Amino acid sequence: MINRVALIGRLTKDIELKYTSNGTAVGTFTLAVNRQFTNQQGEREADFIRCQMWRKTAEIFSQYTHKGSLVGIDGRVQTRNYENQQGQRVYVTEVVVENFSLLEPKSQSQQNNPQQPQANSYQHSNNNSSGDSIDISDDDLPF
């Protein structure tokens, strides 16, 4: 069976980066993805897709993106549910991101947010052949 998602869109706000009780990073964000067609008024509508990423991928993504960043993501759809404080069952559908690419030129991204360092078409994957996590330091990055 296949469960793959590839999206290109803009962040609606900065990624929310948190850490679990055992220190694992988890980031959540919403990606605005334009639809391919226009509505009756000739405007493009967008879908707002909830996304989640884990570990070093989330930390790197939060370091190099900000609200409005154009990014490409690759991952899988996941559904889950929980009971909220009012005792109601809440169902959540989201994309668990495994790979991402920053799609804006460095100069354009810095015009949007000059304090935030930006990468130029940087790609990161959470996978490797051994299954171990990949540790990337700033010295390893080509920018």
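The rules we used
- Residues numbered from 1 in each chain as written.
- Predicted model: local features only at pLDDT ≥ 70, side-chain atom pairs only at ≥ 80, totals over all residues.
- Heavy atoms only, no water.
- Helix = DSSP H or I, 4+ residues; strand = E, 2+ residues; numbered from the N terminus.
- Buried < 20%, exposed > 50% of the residue type's maximum accessible area, 1.4 Å probe, protein only.
- Contact = heavy atoms within 4.5 Å.
- Areas by Shrake-Rupley, 256 points an atom, 1.4 Å probe, with all protein chains shown as cover.
- Core = buried A, V, L, I, M, F, W, Y, C linked by side-chain atoms within 4.5 Å.
- Polar contact = N/O pair within 3.5 Å; in protein donor to acceptor, adjacent residues only side chain to side chain.
- Phe/Tyr/Trp six-rings, centres within 6.5 Å; stacked < 30°, edge-to-face > 60°.
- Pairing = 2+ DSSP bridges.

Describe in detail the overall build of the protein chain, supporting the description with residues and values.
A tally of helices and strands in the protein chain yields two helices and seven strands. When the elements of the protein chain are put in sequence order from the N terminus, they spell out β-β-β-β-α-β-β-α-β. Looking at the protein chain residue by residue over its 143 residues, the buried ones come to 36%. In the protein chain, the share of contacts with a sequence separation of at least 24, taken over all contacts with a separation of at least 6, comes to 58%. With an accessible surface of roughly 9200 Å², the protein chain has 44% of that area assigned to carbon and sulfur atoms.

Describe the nonpolar core, listing the residues and the values that go with them.
Counting residues in hydrophobic clusters, the biggest one holds 19 residues, and the most contacted among them are F29, L31, M53, F61 and I73. Elements with a contribution of two residues or more to this core: strand 1 (5-11), strand 3 (25-38), strand 4 (44-54), helix 1 (55-64), strand 5 (70-83) and strand 6 (89-102). If we skip the residues at most four places from it in the chain, L31 touches L7, G9, R10, L11, D47, F48, I49, C51, V71 and I73.

Explain the environment of D47 residue by residue, including any values.
Inspection of the secondary structure assignment puts D47 in strand 4. It is 9.7 Å that separates the C-alpha atoms of D47 and T30, two residues lying 17 residues apart in sequence. In this structure, D47 is in contact with L31, A32, V33 and R35, ignoring residues within four places of it in sequence. In this structure the side chain of D47 is engaged in a polar contact, spanning 2.7 Å, whose partner is the side chain of R35.

Talk me through the packing of aromatic side chains; I want residue IDs and the actual numbers.
Following the criterion strictly, the structure yields two aromatic pairs and no others. Here F61 and F100 contribute two aromatic rings whose centre-to-centre distance is 4.9 Å and whose plane-to-plane angle is 80 degrees, an arrangement assigned as edge-to-face. Of this pair, F61 sits in helix 1 while F100 is found in strand 6, placing the two residues 39 residues apart along the sequence. A single burial state applies to F61 and to F100, both of which are buried. Ring-pair connections join several aromatic residues into one group, and the members of that group are F29, F61 and F100.

Outline the pairing of strand 4, listing residues and values.
Where strand 3 and strand 4 come together, ten bridges link them in antiparallel fashion. Each residue of the ladder has a partner; that of F29, found in strand 4, is C51. What sits between the antiparallel neighbours strand 3 and strand 4 is a turn of five residues, in which G42 has the positive phi angle 80 degrees. With two bridges connecting them, strand 4 and strand 6 associate as parallel partners. Each bridged residue has a counterpart across the sheet, and for Q52 the counterpart in strand 6 is V96.

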